[in-house]
Amino acid sequence: DGLKTFLENLPANALQKIEVMTNPPAKYANASGCGVINIITNTKIKKNHFISFGSEVNTKGEIRPHLSYVWANEKLNIGFYSSFNIRNNHTIGDSYVTSFNPEGEPGVDTLYHEINHNENDSKTYGGWLSFNLDYEIDSTQEIGMHAGFGPNYDNVIATGERTRWDYKDQEKIETRFLSETTNKVFSSWGFVSGDYQKKFDDKGHRLNVSLNGNFSPDIGTKTSIRNYLQENPLFTDLNKQYETSSDSYNFSLDTRYTKPYSENGEISAGLTLGVDNDYNIKDVNMFDSVSQVYSLIDSLRSFDKHSNNYEASGYVDWRYKIKDFTMSVGLNADAELRDFISQNTYFADDTSMFFFTMRPRVRLSYRTKSMHDFDISYSLSTSKPSINQLTTFRDYEEESYSVGNRNLKNAYSHSLGVGWSKFFMQAGYIMVDYDATWNRNSVSYVTDLTYDEYIGRYINYSMPYNLGSSFSQSLRVFGNIRLGAFANLNLYSTLEHNIDEMTYIDGKNYRQESVYLWGNANLWSRFSKKFQVFIGANVRTPTKSIFSESGYFYNLNLGATANFFDNRLTLSLRVSDPFNWNKNSNSNFAPYYHSYFTGVINSRFISFGIKLKFGKLELENKQASSGKGGGGGM
């Protein structure tokens, strides 16, 4: 949209020429190997201002005003962006759970059944403020500074009802409770970054250096009350308060160097050094009916966690062109040191681990004069499990816990890809990609049943496991159809076939084969220079993995925009999910724990938007980005 606005408002005498490079030289190399459209102007932007403001509102009672300002001249660009939003959401969830007896006692094959119904209402207040400064020192050097911060406050009220039937000593015990949970969380996310670029010549010889930092402090208070409607020997009423706080930050120094050593050859290398720190505290207190305050400590569900990651990664890429052929060879290497401390009264895990991985890759492409592109690629990648996947610390909720698996191994995958694309000057383009991946030790989570010695009954737990082997192949089709200047249809679809195998803790080997289809279509049409409409649709068939399956997903969105006064006033209307199709379902069928969940999100609403712009419209794409914020959209 920024490029479109720039071209529409560019004075005719400012355009020198437009170059279409179907086979660009190395200095214009890009990661996807696509062609380049080079727009050359004969004038630079003089001292100018740009300001825009507006707001969106919708029928859910949500609102998002924003304000943007840009000041720029030939060398300096300064931009600010700010927004505020109020969001409302309502969700409904239903689940059915059956747990089987892992001990296999005669006459007792089922431990319990559960039926759950939950409703959540949330209200969120958020905002985003960002700043950018870009300065051209001279024709060979540029620097930039960027920063952004987004505070967010969530207030969630959840109500629920559960009916449960326990089978104990040949007796069926029925219990039912009503629950209410209030969760208030203040979260924030921010970033600061600095960039420096040095151009040694006009052929692509350059050096890029950037320093980046992110920080995310969060605090929250949750109160949970559960009242049983009849007495039972297994459960008691619950009244707890959860105090949580987390503080995370990371810094990284990134250096990239590119050197074309001939007209057709280029080599590039990079090095990144980073540190990542996370600190999390959770204090759980039970209500004391005598003192009427939350003073009784729940040591099992409280914890302190602290982790530090130190990482160094580098890459080397070589690229060479022989007429219409281009070959790229690359190698990535990563070294990481992890420190992890997690403890409470019952568990403690103090761990240090070192990982080293390498990822080679090669790609060969061929481009014809008639704009057919062919490519074939191979890569070997290694992924390492995270600390949370490796820790022996148990993270307890009321009826379950999650734990890592110290026996996890690095995962390996061999990937082979083949692609073809064709660009049509008048009609659009089509792209077809086929990928096949052979995996070993991929990490997957399994939820199952176990007897817990601390709670004193059977509960479900979640643990990651290495899949013994897996194979996946996918066929992706991209398409763009242009109907003159009045309509544009984009299509995307993926057909994927997966085979997963693993040996579970029960000693049995399990195999799951699945096929799913995902498709997306977006139609844009312009009735005149002022009025545009669009429609977008998504559909996904059920997906399966070992012991789990998700159901169908589909949605539809409609909208229209109108521009007046030479694009200085924009009005928009959007209808989101008009048939309220945004539902999801998930099934778990582990050997001893079966569950089924369905959820409905209140995603049907109508949005109205207005935006006013003043100053030079070609500066709009230089405004401080709002995309990094946590404000969300409507």
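What counts and what doesn't
Residues numbered from 1 in each chain as written. Predicted model: local features only at pLDDT ≥ 70, side-chain atom pairs only at ≥ 80, totals over all residues. Heavy atoms only, no water. Helix = DSSP H or I, 4+ residues; strand = E, 2+ residues; numbered from the N terminus. Contact = heavy atoms within 4.5 Å. Areas by Shrake-Rupley, 256 points an atom, 1.4 Å probe, with all protein chains shown as cover. Pairing = 2+ DSSP bridges. Phe/Tyr/Trp six-rings, centres within 6.5 Å; stacked < 30°, edge-to-face > 60°. Salt bridge = Lys/Arg side-chain N within 4 Å of Asp/Glu carboxyl O. Buried < 20%, exposed > 50% of the residue type's maximum accessible area, 1.4 Å probe, protein only. Polar contact = N/O pair within 3.5 Å; in protein donor to acceptor, adjacent residues only side chain to side chain. Core = buried A, V, L, I, M, F, W, Y, C linked by side-chain atoms within 4.5 Å. pLDDT = per-residue confidence, 0-100.

Draft legend 1. The overall build of the chain, seen in detail. Secondary structure assignment for the chain yields 2 helices and 33 strands. Taking all contacts inside the chain whose residues are at least 6 apart in sequence as the whole, residues at least 24 apart take part in 63%. Accessible surface computed for the chain: about 33,400 Å², of which carbon and sulfur atoms make up 58%.

Draft legend 2. Main features of the sheet that holds strand 18 (residues 400-402). The mixed open sheet is built from 4 strands, whose spatial order is 17-18-22-21. Of all strands in the sheet, those with a lone pairing partner are strand 17 (395-396) and strand 21 (443-452), marking the two edges. By the bridge criterion, 3 bridges tie strand 18 to strand 22 (residues 457-466) in an arrangement that is parallel. Bridge pairing links Tyr 401 to Tyr 461 in strand 22.

Draft legend 3. Local environment of the packing of aromatic side chains. As enumerated under the stated definition, the model contains 32 aromatic pairs in all. With 4.9 Å between their ring centres and 75 degrees between their planes, Tyr 510 and Phe 547 make a pair best called edge-to-face. Of this pair, Tyr 510 sits in strand 25 (residues 509-526) while Phe 547 sits in the loop between strand 27 (543-545) and strand 28 (548-550), placing them 37 residues apart in sequence. Seen from their ring centres, Phe 579 and Trp 581 are 4.9 Å apart, and the 25 degrees between their planes marks the pair as stacked.

Draft legend 4. Seen up close, the pattern of salt bridges. Scanning the model with the defined rule gives 28 salt bridges in all. With a shortest N-O distance of 3.3 Å, Asp 395 and Lys 305 are connected by a salt bridge. Taken together, the residues Asp 395 in strand 17 and Lys 305 in strand 13 (residues 303-322) connect sequence positions 90 residues apart. The salt bridge partner of Arg 367 is Asp 373, with a shortest N-O separation of 2.7 Å. Its relative accessible area of 22% is what places Asp 373 among the partly exposed residues. Several salt bridges converge on common partners, so that one network encompasses Glu 114, Arg 162, Arg 164, Asp 166, Arg 226, Glu 399 and Arg 457.

Draft legend 5. Seen up close, the environment of Tyr 552. Topologically, Tyr 552 is positioned in the loop between strand 28 and strand 29 (553-564). Separated by 13 residues in sequence, Tyr 552 and Val 539 have C-alpha atoms that sit 7.6 Å apart. Those residues in contact with Tyr 552 that sit more than four places away from it in its chain are Arg 540, Thr 541, Pro 542 and Lys 583.

Draft legend 6. The environment of Asp 276, seen in detail. With respect to the helices and strands, the residue Asp 276 is situated in strand 11 (residues 265-288). Under the relative-accessibility criterion, Asp 276 is labelled partly exposed at 28%. Between the C-alpha atom of Asp 276 and that of Asn 309, which follows or precedes it by 33 residues, the distance is 5.0 Å. In this structure, Asp 276 is in contact with Tyr 249, Asn 250, Ser 307, Asn 308 and Asn 309, ignoring residues within four places of it in sequence.

Draft legend 7. Structural context of the side chain of Asn 460. When you line up the elements, Asn 460 lands in strand 22. For Asn 460, a relative accessible area of 15% puts it in the buried group. Separated by 3.4 Å, the side chains of Asn 460 and Tyr 593 make a polar contact. Residues contacting Asn 460, with those up to four places away along its chain left out, are Tyr 112, Glu 399, Ser 400, Tyr 401, Thr 447, Asp 448, Leu 449 and Tyr 593.

Draft legend 8. Here's a closer look at unusual backbone geometry. In this model, Met 371 sits at a positive phi of 70 degrees, which is unusual for a non-glycine residue. By the secondary structure assignment, Met 371 is in the loop between strand 15 (348-367) and strand 16 (372-383). Positive phi is not limited to glycine here, since Phe 547 has a value of about 70 degrees.

Draft legend 9. A look at the nonpolar core. Tyr 396, Val 446, Tyr 465, Met 502, Tyr 504 and Phe 547 are the most contacted members of the largest nonpolar core, which totals 19 residues. In terms of residue count, strand 22 provides more of this core than any other element does, 4 residues in total. Among the nonpolar cores identified, the runner-up in size contains 6 residues, and Leu 111, Tyr 112, Tyr 458 and Tyr 593 belong to it.

Draft legend 10. Structural view of the pairing of strand 8 (residues 171-199). For strand 7 (residues 141-168) and strand 8, the ladder comprises 28 bridges, and the chain directions are antiparallel. If you follow Gly 148 over to strand 8, its bridge partner there is Phe 191. Sheet analysis places strand 8 next to strand 9 (residues 206-228), joined by 21 bridges and oriented antiparallel. Considered in strand 9, the bridge of Ser 193 is made with Asn 212. Hairpin connection between strand 8 and strand 9: a loop of 6 residues separates the two successive antiparallel strands, and Gly 204 in this loop has a positive phi of roughly 110 degrees.

Draft legend 11. Seen up close, the pairing of strand 31 (residues 583-589). As paired strands, strand 28 and strand 31 are joined by 3 bridges and run antiparallel to one another. Bridge pairing links Glu 549 to Ser 587 in strand 31. Alignment of strand 31 against strand 32 (residues 593-601), held across 7 bridges, turns out to be antiparallel. Paired with Ser 585 across the two strands is Thr 598, which belongs to strand 32. Linking strand 31 back to strand 32 in an antiparallel pair, the connection comprises 3 residues.

Draft legend 12. Main features of the confidence of the model for the chain. Mean pLDDT over the chain stands at 88; residues scoring 70 or higher make up 90%. Of the regions scoring below 50 in pLDDT, residues 29-33 engages in 7 contacts with residues more than four places distant in sequence or in other chains. This model gives residues 626-634 a pLDDT under 50, and the stretch forms 25 contacts once residues within four places in sequence are excluded.

Draft legend 13. Summary view of the environment of Lys 282. Residue position: Lys 282 is located in strand 11. We classify Lys 282 as buried; its relative accessible area is 9%. Remark: the alpha-carbon pair of Lys 282 and Asp 304, spanning 22 residues in sequence, is separated by 6.6 Å. For Lys 282, the contacting residues outside a window of four places in its chain are Tyr 242, Glu 243, Thr 244, Arg 301, Ser 302, Phe 303, Tyr 396 and Glu 397.

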